Amino acid sequence: MREQMRQGLSVGRGRQGRRAVLPAVVAVGVMTLSAALAPSAASATARPDAVQQGLNALLHNDGVPAALAGVQGRDGRIRTYTAGVGDLATGAKVPVDGQVRIGSNTKTFTAVVVLQLVGEGKIGLDEPIETYLPGLVRGDGIDGRHITVRQLLQHTSGIPDYEGYIDEAAMQDRYYDPRDLLDIALQHKADFAPGTGFNYSSTNYVLAGLIVQKVTGRPLPEEIEQRVVQRIGLRHTYFPAPGDRTIREAHPQGYRRDAAGGPLLDFTQMDPSAGWAAGQMISTNSDLDRLFTALLGGRLLPAAQLAQMRTTVPIGTTGAGYGLGIISRPLSCGGVYWGHGGDIPGYETRGGVTDDGRAADVAVTTIPTDPVGTTHVENVVDTALCGLPHAS
């Protein structure tokens with residue numbers, strides 16, 4: 001669920017350290033490159049380009065069973081990459097542009113719906129959440145009368161994150177209602193007074209999802225489907241229904257470890273309800289490229305709401321910033337890219353798009369046990385974006 005913003009923000013209190021050891025089947029696994037959408041990629045099969053080399057390195061250096069990438073140029077064509085093994089039990093290949101659980105990328109979908117409702121005059125960004133959820137948000141130093149919708153979307157509310165108090169292994173089979181997640185968070189003291197700090201908290205997005213439902217009178221997944229997925233034609237993206245523990249289309253298996261040095265456990269089938277509005281969705285790298293391209297291109301939000309979304313607060317002192325459900329990260333070649341990223345047991349995703357239309361997204365099939373491993377995933381995104389032609 002949780003996007004591990006390694007650029008200066010510590011997250012994952014509930015995650016155990018899990019050092020992945022590369023199985024022999026992975027070490028000799030198939031590494032493929034799909035050139036179906038980009039004929040020029042064919043030569044990379046013989047001599048891997050920098051993106052393919054980056055994915056290969058994630059296998060050998062960070063112990064991920066499989067890695068996938070989708071890279072979209074300014075012309076809209078998407079080049080897809082795979083490395084490793086899609087199923088450790090059978091040795092099956094990694095499906096090209098396979099579906100994965102996208103964790104906290106879900107937050108961007110939720111934020112888009114909230115901001116569309118802002119543009120329609122149905123939600124006020126600077127209205128107290130009490131306006132929409134009267135009496136619901138109360139706790140030690142927590143009062144919905146003094147927390148705004150904007151502060152939820154930007155993680156400046158001070159509301160504690162429920163994730164650190166959920167047993168990760170138990171997530172595989174247990175269903176959590178959104179109110180269960182909120183109840184877990186409200187048992188704990190506020191992190192700070194609203195508006196006085198920044199702390200990444202999935203509880204904020206559970207509340208944002210509840211506001212969407214209250215205002216529209218419709219389930220959040222239906223609003224996301226209609227307002228985002230269908231609107232821009234995402235063909236492989238969906239919000240799993242309650243009780244759906246599967247991944248619909250071709251996908252690599254996802255793995256987790258109980259403890260550092262332990263075996264990789266297949267966690268592909270799981271109940272993702274602990275993520276809900278903050279992390280429940282499933283998608284592909286190419287669909288995520290299309291999402292962020294459409295979003296930054298103004299196809300999902302009016303100009304005023306997109307400008308609000310892109311107004312960031314600093315994440316540490318690294319140059320990264322958090323907007324309203326979107327993150328800006330600096331590029332080694334200059335400028336920034338906009339995206340999110342997400343972690344959920346079995347999968348980690350990173351990626352985004354530049355203002356001139358370059359896009360890249362990378363997924364791996366286990367959450368790296370060391371923060372350095374996540375940095376390596378982000379470095380492949382940087383390599384992909386910086387290797388694409390810039391706008392003249």
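Since the structure is predicted, the reported quantities are computational estimates derived from the model, not experimental observations.

A closer look at the overall build of the protein chain
Then step 1. When helices and strands are tallied, the protein chain shows 10 helices and 16 strands.
Then step 2. Looking at the protein chain as a whole, 60% of its 392 residues qualify as buried.
Then step 3. Pairs at least 24 apart in sequence give 71% of the contacts found in the protein chain among residues at least 6 apart.
Then step 4. Carbon and sulfur atoms make up 51% of the accessible area of the protein chain, which totals about 14,100 Å².

Looking at the nonpolar core
Then step 1. Of all hydrophobic cores here, the largest spans 84 residues; its most connected members are Phe109, Leu207, Leu291, Leu295 and Met309.
Then step 2. Sort the elements by how many residues they give to this core and helix H3 (residues 106-119) lands first, with eight residues.
Then step 3. Excluding residues that lie within four positions of it along the chain, Phe109 makes contacts with Ile102, Ile224, Val228, Val229, Leu234, Thr237, Met281 and Leu291.
Then step 4. Membership of the second largest hydrophobic core comes to 21 residues, among which are Leu59, Ala83, Val362 and Val380.

Details of the side chain of Arg350
Then step 1. Relative to the helices and strands, Arg350 resides in strand S15 (residues 347-353).
Then step 2. Side-chain polar atoms of Arg350 contact the side chain of Asp343, separated by 3.3 Å.

Considering unusual backbone geometry
Then step 1. Within the chain, Asp97 stands out as a residue other than glycine whose phi angle is a positive 55°.
Then step 2. Note that Asp97 resides in the loop between strand S3 (78-84) and strand S4 (100-101).
Then step 3. Phi at His155 is positive, roughly 60°, even though this residue is not glycine.

What to know about the packing of aromatic side chains
Then step 1. By the definition in use, this model includes two aromatic pairs.
Then step 2. Ring centres of Phe198 and Tyr322 lie 5.9 Å apart, and the angle between their planes is 45°; this geometry places the pair in the tilted category. Of this pair, Phe198 sits in the loop between helix H5 (178-186) and helix H6 (202-216) while Tyr322 is found in strand S11 (residues 321-322), placing the two residues 124 residues apart along the sequence.
Then step 3. With a relative accessible area of 0%, Tyr322 lands in the buried category.
Then step 4. Look at Tyr200 and Tyr322: their rings are 6.1 Å apart centre to centre, the planes differ by 70°, and that puts the pair in the edge-to-face class. Residue Tyr200 is found in the loop between H5 and H6, and its partner Tyr322 is found in strand S11; the two are separated by 122 residues along the sequence. With respect to class, Tyr200 is no different from Tyr322; both count as buried.
Then step 5. Every member of this aromatic cluster is reached through a ring pair, and the members are Phe198, Tyr200 and Tyr322.
Then step 6. When the ring centre of Tyr238 is taken as origin, the NZ or CZ atom of Arg248, which lies over that ring, is 3.7 Å away.

Concerning the state of the cysteines
Then step 1. For the structure shown, the criterion picks out one disulfide.
Then step 2. A disulfide bridge connects Cys333 with Cys386, and the sulfur atoms are separated by 2.1 Å. An S-S torsion of about -80° defines the bridge between Cys333 and Cys386 as left-handed. Note that Cys333 is positioned in the loop between strand S12 (327-330) and strand S13 (336-339) and Cys386 in helix H10 (residues 371-387), a separation of 53 residues in sequence.
Then step 3. Here Cys333 falls in the partly exposed class, since its relative accessible area comes to 35%.

Observations regarding H6
Then step 1. Between its first and last C-alpha atoms H6 spans 21 Å; for 15 residues at 1.5 Å apiece the expected length is 21 Å, and the two agree.
Then step 2. The buried fraction of H6 amounts to 11 of the 15 residues, a majority that puts the element mostly inside the structure.
Then step 3. Every buried residue belonging to H6 is among Ser202, Thr203, Asn204, Tyr205, Val206, Leu207, Ala208, Gly209, Leu210, Ile211 and Val212, and all of these are buried.
Then step 4. In the segment just after H6, Gly217 is the residue with positive phi, at about 70°.

Here we look at the pattern of salt bridges
When their charged atoms lie close together, side chains carrying opposite charge are able to pair.
Then step 1. Applying the stated criterion to the full structure yields 19 salt bridges.
Then step 2. Across the pair Arg227 and Glu120 runs a salt bridge, and its minimum N-O distance is 2.9 Å. Placement of the pair is Arg227 in helix H7 (residues 220-229) and Glu120 in the loop between H3 and strand S5 (138-139), with a sequence separation of 107 residues.
Then step 3. The buried category is assigned to Arg227, whose relative accessible area is 13%.
Then step 4. Relative accessible area serves as the criterion here: at 40%, Glu120 is assigned to the partly exposed category.
Then step 5. The residue Arg350 makes a salt bridge to Glu378 at a minimum N-O spacing of 3.3 Å. In this pair, Arg350 sits in strand S15 while Glu378 sits in helix H10, placing the two residues 28 residues apart along the sequence. For the pair shown, Arg350 and Glu378 are each scored as buried.
Then step 6. Ionic contacts of the salt-bridge type, sharing partners, join the residues Arg329, Asp343, Glu348, Arg350 and Glu378 into one network.

Overview of the pairing of S13
Every other side chain in a regular strand lies on the same face of the sheet, so the side chains alternate between the two faces.
Then step 1. Where S12 and S13 come together, four bridges link them in antiparallel fashion. In the strand pairing of S13, Ser328 is matched with Trp338.
Then step 2. Turn length for the S12-S13 hairpin, with the two strands adjacent in sequence and antiparallel, is five residues, and the turn residue Gly334 shows positive phi of about 105°.
Then step 3. Direction of pairing for S13 relative to S15: antiparallel, over a ladder of two bridges. Within S15, the residue paired with Trp338 across the bridge is Val353.

Rules used in this analysis
- For every chain, the first residue of the written sequence is number 1, and numbering continues from 1 along that sequence.
- Only residues with pLDDT of at least 70 get local features here, since the model is predicted, and only at 80 or more are side-chain atom pairs given and counted; chain-wide, interface and lining totals rely on the full set of residues.
- Where side-chain values are given, they derive from all heavy atoms of the structure, hydrogens and water being excluded.
- Strands are runs of DSSP state E lasting at least two residues, helices are runs of H or I lasting at least four, and both sets are numbered from the N terminus onward.
- Remark: exposure states derive from per-residue accessible area (1.4 Å probe, protein chains only) relative to the maximum for the residue type, with buried under 20%, exposed over 50%, and partly exposed in between.
- Contact definition: two residues touch when any of their heavy atoms are within 4.5 Å.
- The accessible surface values rely on the Shrake-Rupley method and a 1.4 Å probe; as for residues, cover is taken only from the protein chains in view.
- We define the nonpolar core as a collection of buried residues of types Ala, Val, Leu, Ile, Met, Phe, Trp, Tyr and Cys that are connected through side-chain atoms lying within 4.5 Å of one another.
- Residues adjacent in sequence count toward polar contacts only when both atoms are side-chain atoms; beyond that, a polar contact is any pair of N or O atoms within 3.5 Å, and within protein one must be able to donate a hydrogen and the other to accept it.
- Only centres within 6.5 Å qualify two rings of Phe, Tyr or Trp (six-membered ring in Trp) as a pair; their planes then separate them into stacked at under 30 degrees, edge-to-face at over 60, and tilted for everything else.
- The rule for a charge over a ring is simple: NZ of Lys or CZ of Arg within 6 Å of the ring centre, and within 35 degrees of the ring normal.
- The disulfide criterion is simple: two cysteine sulfur atoms within 2.5 Å.
- Expected helix span is taken as 1.5 Å per residue step, with the number of steps being one fewer than the number of residues.
- One speaks of a salt bridge when a side-chain nitrogen belonging to Lys or Arg is within 4 Å of a carboxyl oxygen belonging to Asp or Glu.
- In this scheme, strands are said to pair when DSSP sees at least two bridges between them.

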